Amino acid sequence: MLAAPLIWSWICNVHVAWAFYEQERKLKWVFRGGGVSGCALLSCWQYVLRAGLDDLALFRRATLASLGGGATVSRLGTTNPKPKIAFLFLTNTDLHFAPLWELFFQNNEGLYNIYVHADPFSKITPPGGRATPTLISAARRLLATALLDDPLNSYFALISQHCIPLHSFQYLYSSLFLKPISSPKSPSFPMYPSFIEMISDEPLLWDRYIARGKNVMLPEVPFDRFRIGSQFFVLTRQHALVVIRDRRLWRKFKLPCLNLYSCYPEEHYFPTLLSMEDPDGCTHYTLTRVNWTGSVDGHPHTYGPAEVSPRLIEELRVSNSSYSFMFARKFSPDCLQPLLDMADNVLFRD
Ligand SMILES: *[C@@H]1O[C@H](CO)[C@@H](O)[C@H](O)[C@H]1NC(C)=O
Ligand SMILES: *[C@@H]1O[C@H](CO)[C@@H](O)[C@H](O)[C@H]1NC(C)=O
């Protein structure tokens, strides 16, 4: 199955680490042309950070490192040193919106790190490579890499190449760190929640649950504990650790699917795990807006350049929670220019 990942890192004013499957010959493929666009544009330089670690070793190291540096959790929200947001880019293409993200990050050095997971197999695997647990693996590697890399990484936001920011960095940062919600258990203690969707009343939940066979998920995951939700989450450091330390549920969710049409492991694993481990510590909604109206083949609506307007951005921000949506997907690559054109006056004005 998956071979050991190689972790590469680019360092400039930000940290950019690429974690991907070990297959040296494929590296060139990833680096060719615009393959490193996100990085080339940031004029970074590259070096091998760590090679040949298998996942388990990587997760162990990240866990141990975090246990040692447990103090970082209590640093949330304090001013010195400032907590950072780790942006985890999960992509199987170039980062089309790199110039937009650069504007987003500009002048916020020291408050974020960027990690990119590129799957060198993506273009040679025909579409339909979904229904496998590879996206879970990729997200877990990103989390582990980011946990290990910087103890100040306090929130971990999973982003895809089709995602755009809906607000300025400062707006996101202060929403996450300066606006704790009160915990239902102890209202006087502020709580930093993880933003992850957890849905239990989906009509197709049962089909999804039995996608690997009828009793396969038992006893670890009874049907009434099974959840679905967007894989695009923003997790606290504590919950990122829960994810990389888990082996019990992962053993189940990595089993092959028999019914490929009801199998989206990455939309089940994270919500189910976190709803079992710490339901009160999670918002049960995501900060990433998506439009499922008129979806095709399990893919949401993809916005094209003609649809991009200040009004759309305003619409996409509106949520039913006390937080505005911070990101939106999916946007086609040719939306870049219209988005750049209104970056200062619309997207990042808040
Ligand atoms: C969602 O997508 C549909 C097309 O499938 C479109 O008509 C609608 O305007 C979109 N909604 C928003 C809020 O963008
Ligand atoms: C907000 O809630 C209403 C009513 O449940 C629903 O129709 C609408 O789609 C929700 N909006 C968003 C952005 O989730």
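This structure is a prediction, so every number in the text was calculated from the model and none was measured.

What follows deals with the overall build of the chain. Across its full length, the chain holds 14 helices and 14 strands. Split into buried and exposed, the 350 residues of the chain put 53% on the buried side. Here the analysis covers contacts within the chain between residues at least 6 apart in sequence; of these, 82% occur between residues at least 24 apart. For the chain, the accessible surface area stands at approximately 15,500 Å², while carbon and sulfur atoms represent 55% of it.

What follows concerns the site of ligand 1. Near ligand 1 you find N291, T293, H301, Y303, L312 and E315, and these make up its full shell. Between ligand 1 and the protein, one listed contact pairs an oxygen atom with a side-chain N or O atom of H301 at 3.5 Å. Separating an oxygen atom of ligand 1 from a side-chain N or O atom of Y303 is a distance of 2.6 Å. In isolation ligand 1 offers 370 Å² of accessible surface; the protein chains occlude 60% of this area. Here the shell around ligand 1 is composed, by residue class, of 2 nonpolar, 3 polar and 1 charged.

Our next topic: the side chain of H239. By secondary structure assignment, the location of H239 is in helix α9 (residues 237-245). Non-local contacts of H239, meaning those with residues more than four positions away in its chain, are made with S194, L274, D278, G281 and C282.

In the structure shown here, the tally under the stated rule is 1 disulfide. A disulfide bridge connects C257 with C263, and the sulfur atoms are separated by 1.7 Å. Comparing C257 with C263, the two get one shared label, buried.

Their axes nearest at 10 Å, the elements helix α6 (residues 134-149) and α9 cross at an angle of 125°. If you check the angle between α6 and α9, you find them oblique. Relative to α9, the crossing made by α6 is left-handed. Judged by residue contacts, R140, L143, A144 and L147 of α6 engage R237, A240, L241, V243 and I244 from α9. The residue inventory of the contact of α6 with α9, partitioned by class, reads 7 nonpolar, no polar and 2 charged.

For the rest of this paragraph, the subject is the pattern of salt bridges. One pass over the full model with this rule turns up 4 salt bridges. Here R208 makes a salt bridge to E267, at a shortest N to O gap of 3.2 Å. Of this pair, R208 sits in helix α8 (residues 205-209) while E267 sits in helix α11 (residues 265-277), placing them 59 residues apart in sequence. Here the two residues R208 and E267 agree in accessibility, since each one is buried.

Of all 8 residues in strand β6 (residues 153-160), 8 are buried; the element is thus mostly enclosed. As judged from the 7 bridges shared by strand β4 (residues 84-91) and β6, these two strands associate in the parallel manner. Note that in β6 the partner of F89 across the bridge is I159.

To continue, consider the site of ligand 2. Every residue near ligand 2 is listed here: R289, V318, N320 and F325. In this structure, an oxygen atom belonging to ligand 2 sits 2.2 Å away from a side-chain N or O atom of N320. Here ligand 2, which alone exposes 360 Å², has 30% of that area covered by the protein. Here the residues of the shell around ligand 2 are counted per class, giving 2 nonpolar, 1 polar and 1 charged.

A few words now on the sheet that holds strand β13 (residues 288-290). Within the open sheet, the 3 strands sit side by side as β7-β14-β13. Their pairing is mixed. Of all strands in the sheet, those with a lone pairing partner are β7 (164-165) and β13, marking the two edges. Inspection of the sheet shows β13 paired to strand β14 (residues 327-329) by 3 bridges, in the parallel sense. Opposite V290, over in β14, you have R329 as the bridge partner.

Residues F87, W101, F331 and L339 are the most contacted members of the largest nonpolar core, which totals 90 residues. Take this core: its biggest share by element is 9 residues, from α6.

About the criteria used
- All residue numbers here refer to positions counted from 1 along the written sequence of the relevant chain.
- Ligands are numbered from 1 and chains lettered from A, in the order in which they are written.
- Whole-chain, interface and lining totals are the exception, using all residues; otherwise, since this is a predicted model, local features are given only for residues with pLDDT of at least 70 and side-chain atom pairs are given and counted only at 80 or more.
- Each side-chain value is derived from all of the structure's non-hydrogen atoms; neither hydrogens nor water enter the calculation.
- Helix and strand definitions follow DSSP, with helices as H or I runs of at least four residues and strands as E runs of at least two, each counted in order from the N terminus.
- Buried residues are those whose accessible area, probed at 1.4 Å on protein chains only, stays under 20% of the maximum for their type, while exposed residues exceed 50% and partly exposed ones sit between those limits.
- Note on contacts: a residue pair is in contact if any heavy atoms of the two residues lie within 4.5 Å.
- For every accessible area listed, the method is Shrake-Rupley and the probe measures 1.4 Å; residues are considered covered only by the protein chains on display.
- Near is defined per residue: the residue qualifies when any heavy atom it owns lies within 4 Å of the molecule or strand.
- N or O atoms closer than or at 3.5 Å make up a polar contact, with two conditions inside protein: a donor-capable atom paired with an acceptor-capable one, and, for residues adjacent in sequence, both atoms drawn from side chains.
- In the scheme used here, Gly and all other residues not listed as nonpolar or charged are polar, with Ala, Val, Leu, Ile, Met, Phe, Trp, Tyr, Cys and Pro taken as nonpolar and Asp, Glu, Lys and Arg as charged.
- Cysteine sulfur atoms are paired as a disulfide whenever they fall within 2.5 Å.
- For helices, the fitted axis covers only the stretch in contact; all axes are lines through C-alpha atoms, and the angles between them, taken along N-to-C directions, range from 0 to 180 degrees.
- Every angle not falling under 35 degrees, over 145, or within 65 to 115 is termed oblique; those three ranges are roughly parallel, roughly antiparallel and roughly perpendicular.
- By definition, turning the near helix anticlockwise from the far helix through less than a right angle yields a left-handed crossing, and turning it clockwise yields a right-handed one.
- We count a salt bridge whenever a side-chain nitrogen from Lys or Arg sits within 4 Å of a carboxyl oxygen from Asp or Glu.
- At least two bridges found by DSSP between two strands is the condition for calling them paired.
- Buried residues of nine kinds, namely Ala, Val, Leu, Ile, Met, Phe, Trp, Tyr and Cys, make up a nonpolar core once their side-chain atoms join them within 4.5 Å.

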